[in-house]
Amino acid sequence: MSLHSNVRRVTTHVLYAMKLKGEKITMLTAYDYSFARLVDQAGIDVILVGDSASNVMAGYETTLPITLENMIYHAASVVRGTNRALVVVDLPFGTYQGNSKEALVSAIRIMKETGAQAVKLEGGVEITESVERILSAGIPVMGHLGLTPQSIHKFGTYVVRATEQEEADKLKSDAEALSKAGCFALVLEKIPAKLAGEVSEAIIIPTIGIGAGADVNGQVLVLHDMLGITQEFSPRFLRRYHNLQMEIKGAVQNYIEDVRSKEFPNENEQY
Ligand code: KIV
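Notes on the structure follow. The structure presented is a predicted model; accordingly, all values stated were derived computationally and were not measured.

### Considering unusual backbone geometry
Cis geometry marks the peptide bond from phenylalanine 264 to proline 265; its omega dihedral reads -5°. Its location among the elements puts proline 265 in the segment after helix 11 (244-260). Although it is not a glycine, alanine 162 sits at a positive phi angle of roughly 60°. Tracing the chain through its elements places alanine 162 in the loop between helix 7 (152-155) and helix 8 (165-181). Residue classification places alanine 162 among the buried positions, given a relative accessible area of 4%.

Structure follows, in structure tokens:
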């Protein structure tokens, strides 16, 4: 229960308990106050202020250009729209890979300037020192393995990761390392469902999948993709729950028509 609301906010402990009870965790992205408010009121468990804001909000091709200042702006807006969901914020590319001190400074800025409850970092064993240092300041950390979009130029493509044994073995040991380092949950992106199931069995922390099949402890999608606002992106794992782009364009076209035909505003819509 917070000072400003009588709704109890989801905590990292709640997510852990959900895994133990076999209850699935729900997570969606949000980047602004208005959408965060709707998603929170609908009852989502976790809102991720993803660095996918770089694509969805800013129109960049990759997640690399978004800055810490941009992420702080988005995250503070999201936090103002939520009462219940645990809000997790991506540390953007270039703000934690240098060294663990830089990672801690970036994470502290996010927590201080946004009011969010946790941060997310991409990477495996190579970031465990940063994870431990951020945790030592009392900041919960979510991990992210598999297709990690900040490494797109290393991968060269957005195809499914860890289909070969060597990469699958590395992913398993990275997952163990992140769990041991103290991450409270782990995103598994675009990897074979069987591997995701094995990882979820092997570690004690909850796994949250995107394109990782059903045998994970929760699911995440990018909000604008599942609402059908984005148009070009259609991977197999994406279920569209609405076709909002059609509805929005239709509403805007109706408005244009009404203004041009002088049908809007009518007598009741003026003073
Ligand atoms: O930035 C993002 O939206 C993400 C999700 C795809 C997990 O990291």
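### Digging into the environment of aspartate 225
Examined against the element boundaries, aspartate 225 turns out to sit in helix 10 (residues 223-226). The buried category is assigned to aspartate 225, whose relative accessible area is 6%. Taking the C-alpha atoms as reference, aspartate 225 lies 13 Å from methionine 246; in sequence the two are 21 residues apart. The contact partners of aspartate 225, leaving out residues within four places of it in the chain, are Thr230, Phe233, Leu238 and Arg240. Reaching out from aspartate 225, the side chain makes a polar contact with the side chain of threonine 230 at a distance of 2.5 Å.

### Considerations on the packing of helix 4 (residues 68-80) against helix 5 (residues 100-114)
Where helix 4 meets helix 5, the axes come as close as 9 Å, and the angle between the chain directions of the two elements is 35°. Between helix 4 and helix 5 lies a crossing of right-handed hand. Of helix 5, the residues touching helix 4 (which contributes Leu68, Glu69, Ile72, Ala75, Ala76 and Val79) are Ser106, Arg109, Ile110, Glu113 and Thr114.

### Details of the pattern of salt bridges
Applying the stated rule across the entire model yields 10 salt bridges. Residue lysine 120 pairs with aspartate 90 through a salt bridge whose shortest N-O separation is 2.7 Å. You can see lysine 120 sitting in strand 4 (residues 118-120) and its partner aspartate 90 sitting in strand 3 (residues 86-90), a full 30 residues away along the chain. The exposure class assigned to lysine 120 is buried, which follows from its relative accessible area of 2%. Its salt-bridge partner being arginine 161, residue glutamate 167 comes within 3.0 Å of it at the nearest N-O pair. By relative accessible area, arginine 161 is classed as buried at 13%. The network of salt bridges with shared partners includes Glu69, Arg109 and Glu113.

### Some points on the packing of aromatic side chains
Enumeration according to the criterion identifies two aromatic pairs in this entry. Ring geometry for phenylalanine 233 and phenylalanine 237: centres 6.5 Å apart, planes at 70°, overall edge-to-face. The exposure class of phenylalanine 233 is partly exposed, given its relative accessible area of 40%. A cation over an aromatic ring shows up here: arginine 161 above the ring of phenylalanine 155, its NZ or CZ 4.0 Å from the ring centre.

### Quick notes on the nonpolar core
Membership of the largest hydrophobic core comes to 58 residues, with the highest contact counts inside it found for Val119, Ile134, Leu186 and Leu188. If one sorts the elements of this core by residue count, helix 4 sits on top with six residues. The residues touching leucine 188, leaving out its near neighbours within four places in the chain, are Leu145, Leu171, Ala196, Val199, Ser200, Thr207, Ile208, Gly209, Ile210, Ala212 and Val216. Membership of the second largest hydrophobic core comes to 17 residues, among which are Met18, Ile25, Leu48 and Val88.

### A word on helix 5
End to end, helix 5 covers 21 Å across 15 residues, agreeing with the expected 21 Å (1.5 Å per residue, within 8%). Turning to helix 5, its buried residues are Ser100, Ala103, Leu104, Ser106, Ala107, Ile110, Met111 and Thr114. Buried residues in helix 5, looked at end-on, bunch into an arc of 165°, giving them a common side. Facing away from the buried surface of helix 5 by more than 90 degrees, the exposed residues are Lys101 and Lys112. Against helix 4, strand 3, strand 4 and helix 6 (128-136) lie the buried residues of helix 5. If you check the start of helix 5, you find a side-chain oxygen 3.0 Å away from the backbone N of lysine 101, and it comes from asparagine 99.

### Quick look at the pairing of strand 3
For a regular strand, the rule is simple: side chains alternate between the two faces of the sheet. With five of its five residues buried, strand 3 lies for the most part within the structure. A two-sided burial pattern is seen for strand 3, the buried positions comprising Leu86, Val88 and Asp90 on one face and Val87 and Val89 on the other. Across four bridges, strand 2 (residues 46-49) lies against strand 3 in parallel orientation. When the sheet's bridge partners are listed, valine 49 is paired in strand 3 with valine 89. With three bridges connecting them, strand 3 and strand 4 associate as parallel partners. Its bridge partner being in strand 4, aspartate 90 is matched across the sheet by lysine 120. In this fold, the crossover linking strand 3 to strand 4 by way of helix 5 has right-handed handedness.

Procedures and definitions
- Residues numbered from 1 in each chain as written.
- Predicted model: local features only at pLDDT ≥ 70, side-chain atom pairs only at ≥ 80, totals over all residues.
- Heavy atoms only, no water.
- Helix = DSSP H or I, 4+ residues; strand = E, 2+ residues; numbered from the N terminus.
- Buried < 20%, exposed > 50% of the residue type's maximum accessible area, 1.4 Å probe, protein only.
- Contact = heavy atoms within 4.5 Å.
- Polar contact = N/O pair within 3.5 Å; in protein donor to acceptor, adjacent residues only side chain to side chain.
- Axes fitted to C-alpha atoms, helices over the stretch in contact; angles between N-to-C directions.
- Left-handed = near helix turned anticlockwise from the far one by under 90°.
- Salt bridge = Lys/Arg side-chain N within 4 Å of Asp/Glu carboxyl O.
- Phe/Tyr/Trp six-rings, centres within 6.5 Å; stacked < 30°, edge-to-face > 60°.
- Lys NZ or Arg CZ within 6 Å of the ring centre and 35° of its normal.
- Core = buried A, V, L, I, M, F, W, Y, C linked by side-chain atoms within 4.5 Å.
- Expected span 1.5 Å × (residues − 1).
- Arc of directions from axis to C-beta.
- Pairing = 2+ DSSP bridges.
- Right-handed = clockwise from strand over helix to strand, strands pointing away.

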